[in-house]
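# Observations on chain architecture
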Amino acid sequence: MAESVYKVIELVGTSTESWEQAASAAVNLAAQSLRDLRVAEVKELDVTIGDDGRIATYRTKLNVSFKYEGGV
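Computed from a predicted model, the values in this text were never measured in an experiment.

## Re the nonpolar core
Grouped together as the largest cluster of nonpolar side chains are six residues: L11, A23, A26, A30, L62 and V64. The residues contacting A26, other than those within four sequence positions of it, are L11, V12, G13 and L62.

What follows is the structure, encoded as C-alpha cells:
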C-alpha cells in the first residue's frame, strides 16, 4: 500500500446567504489553486452583524486537507 501525506490548512468562507454557501465559496476558491482536495471539516460557524442589527455575513471556518506532494 502506498503511503500518502496530507496537508491541512484553515480557510474562512463568507456569504450573505448561508453558512453552506460560505463553505462552498471557500472550497471552490481553494480548488482553483490546490490539487487533490480531500476533506473539508467545518470547525466554526459565525455571523457578522450590520449596523442595522441584522446578519450581514455568514462565515464558515474550515480545515481543508489536500495531498502533499513536496518533500516531507
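From this point, things continue past the structure.
## Here we look at the sheet that holds strand β1 (residues 6-15)
As summarised here, the arrangement of the three strands in space is β1-β3-β2, forming an open sheet in which the pairing is antiparallel. On the outer flanks of this sheet lie β1 and β2 (37-49), each paired with one strand and no other. In this sheet, neighbouring strand axes are inclined to one another by 15° on average, regardless of whether the strands run parallel or antiparallel. Relative to strand β3 (residues 55-67), β2 runs antiparallel, the two sharing 11 bridges. Each bridged residue has a counterpart across the sheet, and for V39 the counterpart in β3 is S65. Packed onto the sheet, helix α1 (residues 19-33) meets β1, β2 and β3 and runs at close to 40° relative to β3.

## Observations concerning the environment of S33
On the secondary structure map, S33 appears in helix α1. By relative accessible area, which is 62% here, S33 ends up exposed. Placed 21 residues apart in sequence, S33 and R54 show a C-alpha to C-alpha distance of 34 Å.

## Here we look at α1
Look at α1: 22 Å from first C-alpha to last across 15 residues, which is about the 21 Å you get at 1.5 Å a residue. Inspection of α1 places A22, A23, A26 and A30 among the buried residues, and these make up the whole buried set. Within α1, the buried residues cover an arc of 100° as seen down the axis, which keeps them to one side. Facing away from the buried side of α1, by more than 90 degrees, are the exposed residues E20 and Q32.

Each value, and the rule that gives it
Residues numbered from 1 in each chain as written. Predicted model: local features only at pLDDT ≥ 70, side-chain atom pairs only at ≥ 80, totals over all residues. Heavy atoms only, no water. Core = buried A, V, L, I, M, F, W, Y, C linked by side-chain atoms within 4.5 Å. Buried < 20%, exposed > 50% of the residue type's maximum accessible area, 1.4 Å probe, protein only. Contact = heavy atoms within 4.5 Å. Pairing = 2+ DSSP bridges. Helix = DSSP H or I, 4+ residues; strand = E, 2+ residues; numbered from the N terminus. Axes fitted to C-alpha atoms, helices over the stretch in contact; angles between N-to-C directions. Expected span 1.5 Å × (residues − 1). Arc of directions from axis to C-beta.

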